[in-house]
Amino acid sequence: MSELREAGPAAADLAAGHLSSVAAGPVWRPVADADRSWLTGQPLPAAGRPLAELLEDVRERVLPYPMGNGHPRFFGWVNSPPSPAGVLVAPLAAALNPSCAGGEHAGVLLERTAVRWLAELVGFPHRPGAGLLTSGASMATVIALATARQRALRAQGHDVRETGLYGHGPLALYLSAEGHSCLRKAAELLGLGTRHLRTVPVDAAFRMDTGALRRLIAADLAAGVRPFLVAASAGTVNTGAVDPLAEIAGIAAEHGLWFHVDGAYGALGVLGEGAGPRYAGLERADSLALDPHKWLGVPVDAGCVLFRDPAGPRDAFSLVPPYLRDDAADALGWFSEYGPEQTRPFRALRVWATLSHLGREGVTRLVRHTSRLARTLAGMVEDAGDFELLAPAVTSVVAFRHLPAGRAPGAADALNEAIPAAVQRRGRAFLTGTRLSGTAALRACVLHPETTEADLGVLLDEIRAAAREFGA
Ligand SMILES: *Cc1c(COP(=O)(O)O)cnc(C)c1O
C-alpha cells in the first residue's frame, strides 16, 4: 500500500486542480484524434505499470476532455457539477469498498440516514425502510413500477412473481406527454406493454391535463382495461414543469391507482422561494423518484426511490421468505430485498457528505440561486427582440428559441435544431435542445452554484454567434 500512499496526494491534487481551473477552460471541446485513438483503441498491457504513471495518463488524456458539467456555463440536459464533499469522500467509499446489499456495517447504516434526510428535505413522510439509493431515477422507476404492479395484481389474487403476467388482462398506466422516457422503459421492461401506456396531454404550461387524465381513465374502464398507475412529474426535463400533484393524487385515490411522482430533477424545487404550494400533493405519493446526482450535485451515481409503505418494495423483491426473516435482529432486512441490485455501492457516503456539508440551508440556497438565475434568464429572453420564451421558468430550466430578425419564420425549426451543437463546438457555453409541442426549442438548465448573471449573457450571445455561423 506504500505505492498508494505516495500516489494518493497527487491524485487528490489533480482532482482539486481540475475543479478549480475548470471555469477558465472551454466548457467542452472535441477530442483530438490522437487522444481518441488512445481512449478507445489502446491495447491491454501485458505487464502492469506503476500507479504514478497512470496518473500521468489521466492528466494528459482524460481530464482535458470533460463532458462539461463541471463548468459554470454548462446548461445542458440535467447534469450538475460534483459537490466538493462528494468528491472528497468518493475515494474513501472506494477504500472501504463494501457491498451495501445488507449486513452490519457503516455503509448500510449510513444509507438509512441518507434516505431519511432526502425524504425530510423534500417533505415526504418517512418510515424506516421505505426507500433506498439507486443508480439513478431510471432504476428508481423500475423499482417503483414493479412494486405498483405487484400490489395491483395481488389485490386481484394474482402473484405476478410466480405466474408472470400470463393469464392476466392488461393494466393501464398514465403518463404525461412531458413525462421522462425512463417511465416508458420501465413499463416495457416490466411487461406492461406500451400499448397500455396512456399519454396524457399537457396544458399551456406543460403540466398534465387532469381533465384529459379523467377521460382516459373513464375510457379504459368502459373498455374493460384496468387502470393501475399514474405517474406525475415534479419538474419535467423539458421545461421544469410541476404537474398539479394534489389534483392527480385525488384522482389516483378515487380510482385506487398507484400514485408515482418523478421528482428526479425537480423534487428539490420544493425548497424554492414560495414554491411550496406548487408541490402540494407530493407527500401523498405512493412512490417518489429523486436523484441526488441531479440538482444536489452528488457525484454520479446517486438516485433514490422513496415509498409510502416499506412493505411494498420488499413484497415485490425479497427472496427471503417471511418465516426466515429475523425481525428481532433486523426488522428492516437487507437493501437487496427491496430492489434488483445485489452487490450495491456505498453511494450513501457521497449523499451523506453532500447533505452534511450543505445542510438544509445550503441546499435551499443552491436551489434558490439557480432558480433565480433561471427566472433572470427567462426575463432576458422575454426582453430580447430575437428570443422567444416557450414555457414559464418554474424550477431552474428555461425553454426558449432564437428568432433572429430577417429570417423566414419557417426556418426557425432548422436553425434552433442546429444551434446547440454549434454552441457546444464554440466552447464558451453548453446547452442542449428539445422539442416542445412539435417546435424545436433550446433549453438551459441552471444547476451550478457558481453560475452568474454574466454567464447568462454569454449564453445568449453565444447562441446569437452560433446562429450567425448559419448565415444570418
Ligand atoms: C434524469 C431524469 C430521469 C432519469 O434519471 P437517471 O438518473 O438518468 O436514471 C428521470 N426523470 C427526470 C425528470 C430526470 O431529470
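Treat the numbers as computed from the prediction; the structure is a model and nothing was measured.

A. Here's a closer look at the overall build of the protein chain. Secondary structure summary: the protein chain contains 14 helices and 11 strands in total. Computed over C-alpha atoms, the radius of gyration of the protein chain comes to 24 Å, within 12% of the 23 Å expected from 2.2 N^0.38 for 472 residues, which places it in the range of a compact globule. The principal-axis extents of the C-alpha atoms in the protein chain amount to approximately 65 × 65 × 45 Å. Evaluated residue by residue, the protein chain yields a buried proportion of 51% over its 472 residues. Within the protein chain, contacts between residues separated by at least 24 positions form 72% of all contacts whose residues are at least 6 apart in sequence. Summed over all atoms, the accessible surface of the protein chain reaches about 20,900 Å², with 56% contributed by carbon and sulfur. Here the protein chain holds 45 positive side-chain charges and 48 negative ones, and the gap between their average locations is 3 Å.

B. Broad picture of empty space enclosed by the protein. All chains considered together, the criterion is met by two cavities of 30 Å³ or more. Of the pockets and cavities examined, the largest cavity occupies roughly 60 Å³. Residue lining of the largest cavity: Leu118, Gly263, Ala264, Tyr265, Ala267, Leu268, Leu290, Asp291, Pro292, Trp295 and Leu296, and that is the complete set. In terms of residue class, the lining of the largest cavity is made up of nine nonpolar, one polar and one charged. Taken as a whole, the second largest cavity holds about 30 Å³ of empty space. Taken together, Asn69, His71, Phe74, Asn79, Pro81, Cys445, Leu447 and His448 make up the lining of the second largest cavity.

C. View of the pattern of salt bridges. Evaluation of the coordinates by the stated rule reveals 30 salt bridges. Of the charged contacts in the structure, one is a salt bridge between Arg198 and Asp220, with a shortest N-O distance of 2.8 Å. A residue pair is termed long-range when its members are at least 10 positions apart, and Arg198 in strand β3 (residues 197–200) and Asp220 in helix α9 (residues 210–222) qualify at 22 residues. Each member of the pair, Arg198 together with Asp220, is buried. Of the charged contacts, one joins Arg435 and Asp413 as a salt bridge, the two residues approaching to 2.8 Å between their closest N and O atoms. Of this pair, Arg435 sits in strand β10 (residues 432–436) while Asp413 sits in helix α13 (residues 412–426), placing them 22 residues apart in sequence. For Arg435, a relative accessible area of 40% puts it in the partly exposed group.

D. Structural detail: the domain arrangement of the protein chain. As far as domains go, the protein chain holds domain 1 (91–354) and domain 2 (365–471). The straight-line distance from the C-alpha centre of domain 1 to that of domain 2 is 31 Å. Counting residues at the interface gives 19 residues for domain 1 and 22 residues for domain 2. Of the roughly 1,600 Å² buried where domain 1 meets domain 2, counting both sides, 57% is carbon and sulfur surface. On the domain 1 side of the contact with domain 2, Asn238, Glu273 and Trp295 bury the most area, a combined 38% of that side's loss. Taken together, the links from domain 1 to domain 2 amount to one salt bridge.

E. Representation of the nonpolar core. Counting residues in hydrophobic clusters, the biggest one holds 97 residues, and the most contacted among them are Val122, Leu213, Val230, Phe259 and Leu268. Split by domain, this core shows at least three residues from each of two domains, domain 1 (91–354) and domain 2 (365–471). Of all hydrophobic cores here, the second largest spans 26 residues; its members include Phe387, Leu415, Leu442 and Leu459.

F. Region of interest: the side chain of Thr210. Mapping Thr210 onto the fold places it in helix α9. Ignoring any residue separated from it by four or fewer positions in sequence, one finds Thr210 in contact with Pro244, Glu247, Ile248 and Ile251.

G. Spatial organisation of the UniProt feature "modified residue: N6-(pyridoxal phosphate)lysine" (unreviewed entry) in the protein chain. If you check UniProt for "modified residue: N6-(pyridoxal phosphate)lysine" (unreviewed entry), the listed places come out as Lys294 in our numbering. With respect to the helices and strands, the residue Lys294 is situated in the loop between β6 (287–290) and β7 (303–307). In contact with Lys294, not counting residues within four places along its chain, are Val78, Ser80, Ala264 and Tyr265.

H. Just unusual backbone geometry, in detail. Residue Asp301 follows Val300 across a cis peptide bond; omega there is 0°. Along the polypeptide, Asp301 turns up in the loop between β6 and β7. The phi torsion at Asn97 lies on the positive side, around 50°, for a residue other than glycine. Relative to the assigned elements, Asn97 resides in the loop between α4 (84–96) and α5 (106–122). The exposed category is assigned to Asn97, whose relative accessible area is 59%. Phi is positive for Phe206, close to 65°, though the residue is something other than glycine. Turning to its location among the elements, Phe206 is positioned in the loop between β3 and α9.

Conventions used here
Residues numbered from 1 in each chain as written. Predicted model: local features only at pLDDT ≥ 70, side-chain atom pairs only at ≥ 80, totals over all residues. Heavy atoms only, no water. Helix = DSSP H or I, 4+ residues; strand = E, 2+ residues; numbered from the N terminus. Rg over C-alpha atoms; globule rule 2.2 N^0.38 Å. Buried < 20%, exposed > 50% of the residue type's maximum accessible area, 1.4 Å probe, protein only. Contact = heavy atoms within 4.5 Å. Areas by Shrake-Rupley, 256 points an atom, 1.4 Å probe, with all protein chains shown as cover. Lys, Arg positive; Asp, Glu negative; His and termini not counted. Charge placed at Lys NZ, Arg CZ, Asp CG, Glu CD. 1 Å grid on protein atoms, 1.4 Å probe; cavity = no way out; pocket = protein on both sides within 12 Å on 5 of 7 lines; lining within 4 Å. Points joined across faces, edges and corners; volume = space filled by probe spheres on them. Nonpolar A, V, L, I, M, F, W, Y, C, P; charged D, E, K, R; others polar. Salt bridge = Lys/Arg side-chain N within 4 Å of Asp/Glu carboxyl O. Domains from an automatic or database assignment. Buried area = accessible area lost by both parts, 1.4 Å probe. Core = buried A, V, L, I, M, F, W, Y, C linked by side-chain atoms within 4.5 Å. UniProt positions renumbered as here; feature names shortened; annotations may be inferred.

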